[in-house]
Number of protein chains: 2
Amino acid sequence: MDRKGILVVVSGFSGSGKGTIMKELLRRYDNYALSISATTRSPREGEEDGREYFFKTREEFEKMIAEDALIEHASYVGNYYGTPRAYVEQQLALGKDVILEIEIQGALQIKKRFPDTLLLFISPPDARTLKERLVGRGTESMEVIESRLARAAEEAEGIESYDYFIINDDLEICVEQVHQMIKGEHSRVSRSLELIHEIRTELKEFQKG
Amino acid sequence: MDRKGILVVVSGFSGSGKGTIMKELLRRYDNYALSISATTRSPREGEEDGREYFFKTREEFEKMIAEDALIEHASYVGNYYGTPRAYVEQQLALGKDVILEIEIQGALQIKKRFPDTLLLFISPPDARTLKERLVGRGTESMEVIESRLARAAEEAEGIESYDYFIINDDLEICVEQVHQMIKGEHSRVSRSLELIHEIRTELKEFQKG
C-alpha cells in the first residue's frame with residue numbers, strides 16, 4: 001500500500017455542506033490533515049489566526065507569493081487567499097491525506113502543479129435544493145442569495161475539471177462515501193507503481209531461482 | 001446519481017483470491033451481475049453449461065466472433081474464451097454493475113472498445129505470499145507451479161493498464177474495499193455529466209427568474 005498521503009481538494013456549491021463533511025472526516029479518522037489558508041482579509045468576529053485562516057498583510061502575502069511559499073493563490077473581492085506550501089508538504093510526507101477547501105481557480109492551479117491531486121466537487125441533489133439551502137439560512141437578503149446563485153452557476157461551469165461529483169443528500173452517507181473514495185484512491189495503479197515494481201522484481205527472482 | 005451500470009473487469013494473479021472476492025460481492029450486494037464466458041474447452045467434472053461457462057464448439061464460437069456477439073475473446077492453450085455481448089448489455093441497461101473475470105489480453109480489448117470500463121487487478125501482498133499461495137494448494141507439481149509463476153510475471157507486465165491495484169491481504173477488508181471502489185466510481189465526473197448538465201440548466205433558470 002502506498003504510504004504517501006494524497007492531496008485532496010474539496011470544492012462545492014455554497015450550501016452544499018462541504019464544510020461539515022470535512023469537519024466530520026477530521027473528527028472521525030486520523031489519516032486526515034486540514035490545510036489552513038492564508039488571507040489578507042480581516043478576521044471576522046470569533047475568528048482566530050491559525051485556526052480559520054492565517055491572517056496576513058498584503059505585503060506579507062506578496063512576499064509569500066514571491067518566495068513560492070504558496071501552492072496556489074487567488075484573489076476574491078479584493079483580497080488574497082492562498083495555501084501555504086510547508087504544512088501541506090510536511091503532512092503528506094507523514095502519510096496524511098491533506099484536505100484543502102478551495103475554489104475552482106485554486107483547484108486548477110494545484111491540479112496543474114500536482115497532477116495526482118484528487119479533486120472532489122460536492123453538490124446538493126439538485127439546483128432547487130441548492131436554492132432552498134441558500135434561502136433557508138434566513139440570514140441573507142434576496143440580493144445576496146441571488147449573487148450566490150450567480151456564483152454557483154459560474155462554479156458549475158468548472159465541474160468537468162474535477163474527478164468526482166458527489167451528491168450530499170444525506171450527510172452520514174456522504175461523509176462515509178468521501179472517506180471511502182479517498183481510501184480507494186490509495187490503490188490507484190498510478191499511486192502503486194513502487195509496489196508493482198517490487199512484486200515484478202520478486203517474481204523474476206523466483207523464476208531464476 | 002448515474003443509473004447506468006458500470007462494466008468492471010477483475011483480473012489478478014492466480015492465487016490472488018479474485019474468484020472468492022467476486023463470489024462474495026455477488027452474494028452480499030444486489031447491484032452486481034456476473035458475466036459468464038463462452039469457451040471451446042471441454043467441461044470439467046462438475047462444470048455445468050451456463051454456470052461456469054457456456055460451452056461451445058469451435059464452429060459456434062467462430063460464428064459468434066463473426067457476428068460480433070462477443071465483446072472480447074482470446075485464445076489460451078489452444079482454446080477460445082470470450083464474453084458474450086448480449087448479457088452484458090442487458091444487465092448494464094438494467095443498472096447492474098457487470099463483473100467480468102478475464103485476463104489482460106481480453107481486459108485491454110474491452111477497455112479499448114468501452115473506455116469507461118473499470119479495470120481492477122487483484123494481488124497478494126507480495127510475490128512471496130503469491131508463491132506460497134500457489135504452492136500451498138498442494139495439488140500441483142513444482143513444474144506447474146513454476147509455469148504459473150512465469151505466467152504471473154507475464155501478467156505483472158500489464159498492470160499499468162489497470163485502474164486499481166488491490167492488495168488482498170484480508171478477504172473481508174478486500175471485498176468491502178472493492179465494493180466501495182465500484183460504488184465510488186458511479187460518482188466520477190465523467191459518469192455524472194447528465195446530472196451536472198441538469199443542475200447547470202436549473203441554475204440558469206433561477207438566475208433568469
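Our structure's up above, just so we're on the same page.
As the structure is a prediction and not an experimental result, all values here were calculated from the model. (Residues numbered from 1 in each chain as written. Chains lettered and ligands numbered in written order. Predicted model: local features only at pLDDT ≥ 70, side-chain atom pairs only at ≥ 80, totals over all residues. Heavy atoms only, no water.)

Peer 1: Can you lay out the overall build of chain A for me, pointing to particular residues and giving the numbers?
Peer 2: The secondary structure content of chain A amounts to 8 helices and 9 strands. Across its three principal directions, the C-alpha atoms of chain A cover 75 × 40 × 30 Å. Classification of the 209 residues of chain A by burial places 48% in the buried group. For chain A, contacts bridging at least 24 residues in sequence account for 67% of all contacts bridging at least 6. Distance between charge centres in chain A, computed from 29 positive and 38 negative side chains, equals 3 Å. (Helix = DSSP H or I, 4+ residues; strand = E, 2+ residues; numbered from the N terminus. Buried < 20%, exposed > 50% of the residue type's maximum accessible area, 1.4 Å probe, protein only. Contact = heavy atoms within 4.5 Å. Lys, Arg positive; Asp, Glu negative; His and termini not counted. Charge placed at Lys NZ, Arg CZ, Asp CG, Glu CD.)

Peer 1: Give a detailed account of the interface of chain A and chain B, specifying residues and quantitative values.
Peer 2: Each partner contributes to the interface: chain A provides 41 residues, whereas chain B provides 42 residues. A buried area of about 3,800 Å², summed over both sides, lies between chain A and chain B, and 65% of it is on carbon and sulfur atoms. Among the residues chain A hides against chain B, the three largest losses belong to F165(A), R200(A) and F206(A). Together they make up 17% of the total. The interface formed by chain A and chain B includes 6 salt bridges. One salt bridge in this structure joins R200(B) and E157(A), with 4.0 Å as the shortest N-O distance. At the junction of chain A and chain B, the tally comes to 13 residue pairs in polar contact (both at pLDDT 80 or more). Counting residues per element, the ones that place at least two in the side of chain A that touches chain B are α5 (127-136), α6 (142-156), β9 (164-167), α7 (171-185) and α8 (193-208) of chain A. (Buried area = accessible area lost by both parts, 1.4 Å probe. Salt bridge = Lys/Arg side-chain N within 4 Å of Asp/Glu carboxyl O. Polar contact = N/O pair within 3.5 Å; in protein donor to acceptor, adjacent residues only side chain to side chain.)

Peer 1: Describe the relation of the copies chain A and chain B, with residues and values.
Peer 2: Relative to chain B, chain A is turned by 180 degrees and slid 0.0 Å along the rotation axis, the superposed coordinates differing by an RMSD of 0.0 Å. Seen this way, the second copy is the image of the first under a two-fold rotation axis. Comparing contact sets, 100% of the residues at the interface of chain A also lie at the interface in chain B, consistent with an isologous, same-surface contact. (Least-squares fit on C-alpha atoms with pLDDT ≥ 70 in both.)

Peer 1: Lay out unusual backbone geometry with the relevant residues and their values.
Peer 2: Within the chain, D68(A) stands out as a residue other than glycine whose phi angle is a positive 55 degrees. Along the chain, the position of D68(A) falls in the loop between α2 (58-66) and β5 (70-76). We classify D68(A) as partly exposed; its relative accessible area is 38%. Phi is positive for V77(B), close to 45 degrees, though the residue is something other than glycine. Structurally, V77(B) is set in the loop between β5 (70-76) and β6 (79-84). Residue class for V77(B) comes out exposed when judged on its relative accessible area of 66%.

Peer 1: I'd like a rundown of the sheet that holds strand β2 (residues 32-34) of chain A, residues and numbers included.
Peer 2: Hydrogen bonds along the backbone pair up the strands of a sheet, which may run parallel or antiparallel. Residue and element names in this part refer to chain A. The strand order across the open sheet formed by 5 strands is β2-β7-β1-β8-β9, and the pairing between neighbours is parallel. Only two strands of the sheet have a single neighbouring strand rather than two, namely β2 and β9. Here the average twist between neighbouring strands, direction ignored, is 30 degrees. By the bridge criterion, 3 bridges tie β2 to strand β7 (residues 97-101) in an arrangement that is parallel. Residue pairing for β7: Y32 is matched across the bridge by D97. Against the sheet, helix α4 (residues 104-113) engages β1 (7-12), β7 and β8 (118-123), with an angle of about 155 degrees to β1. Here α7 sits on the sheet in contact with β1, β2, β7, β8 and β9, set at roughly 160 degrees to β9. (Pairing = 2+ DSSP bridges. Axes fitted to C-alpha atoms, helices over the stretch in contact; angles between N-to-C directions.)

Peer 1: How would you explain the pairing of β5(A) if you had to name every residue and give the values?
Peer 2: Residues and elements named next belong to chain A. Examined bridge by bridge, β5 and strand β6 (residues 79-84) share 6 bridges and lie antiparallel to one another. Paired with S75 across the two strands is Y80, which belongs to β6. Between β5 and β6, which follow one another and run antiparallel, lie 2 residues, and V77 among them has a positive phi close to 45 degrees.

Peer 1: Residues and numbers for the sheet that holds strand β3 (residues 38-39) of chain B, please.
Peer 2: All names here are of chain B. The 4 strands are arranged β4-β3-β6-β5 in an open sheet whose pairing can be described as mixed. The open sheet has two edge strands with one neighbour each: β4 (54-55) and β5. Its contacts with the sheet place helix α2 (residues 58-66) against β3, β4, β5 and β6, and it is angled at close to 45 degrees to β6. Helix α3 (residues 85-93) rests against β5 and β6 of the sheet, and its axis sits at about 25 degrees to β6.

Peer 1: Give me the packing of helix α1 (residues 18-28) of chain B against helix α7 (residues 171-185) of chain B: which residues, what numbers.
Peer 2: Residue and element names in this part refer to chain B. With their axes 10 Å apart at the nearest point, α1 and α7 run at an angle of 65 degrees to one another. Crossing angle aside, the handedness with which α1 passes α7 is right-handed. On α7, the residues that touch T20, I21, E24, L25 and R28 of α1 are L171, E172, C174, V175, E176, V178, H179 and I182. Here the contact of α1 with α7 is composed, by residue class, of 7 nonpolar, 2 polar and 4 charged. (Left-handed = near helix turned anticlockwise from the far one by under 90°. Nonpolar A, V, L, I, M, F, W, Y, C, P; charged D, E, K, R; others polar.)

Peer 1: Account for empty space enclosed by the protein, naming residues and giving values.
Peer 2: To find the voids left in a structure, one rolls a probe of water-molecule size over its atoms. One pass over the full model with this rule turns up 3 cavities of 30 Å³ or more. Considered as a void within the structure, the largest cavity measures approximately 60 Å³ in volume. Taken together, Y164(A), Q180(A), M181(A), G184(A), E185(A), Y164(B), Q180(B), M181(B), G184(B) and E185(B) make up the full set of residues lining the largest cavity. At the level of secondary structure, the elements contributing two or more residues to the lining of the largest cavity comprise α7 of chain A together with α7 of chain B. Each residue belonging to the lining of the largest cavity can be placed in one class, and the counts come to 4 nonpolar, 4 polar and 2 charged. (1 Å grid on protein atoms, 1.4 Å probe; cavity = no way out; pocket = protein on both sides within 12 Å on 5 of 7 lines; lining within 4 Å. Points joined across faces, edges and corners; volume = space filled by probe spheres on them.)

Peer 1: Explain the pattern of salt bridges to me, and be specific about the residues and the numbers.
Peer 2: Tallied over the full model, the rule gives 42 salt bridges over all chains. The salt bridge involving E89(B) is made with R85(B); its shortest N-O contact spans 3.0 Å. Of the two residues, E89(B) and R85(B) are both situated in helix α3; the distance of 4 residues between them amounts to about one turn of the helix. A residue is classified by how much of its surface remains accessible, and E89(B), at 40% relative accessible area, is partly exposed. For the salt bridge of K111(B) with D163(B), the shortest nitrogen-to-oxygen distance reads 3.4 Å. Within this pair, whereas K111(B) is found in helix α4 (residues 104-113), its partner D163(B) is found in the loop between α6 (142-156) and β9 (164-167), the two being separated by 52 residues in sequence. When its relative accessible area of 14% is taken as the criterion, D163(B) is described as buried. Connected via shared salt-bridge partners are E24(A), R27(A), R28(A), E172(A) and E176(A).

None of the figures reported here should be taken as evidence of function without further support.
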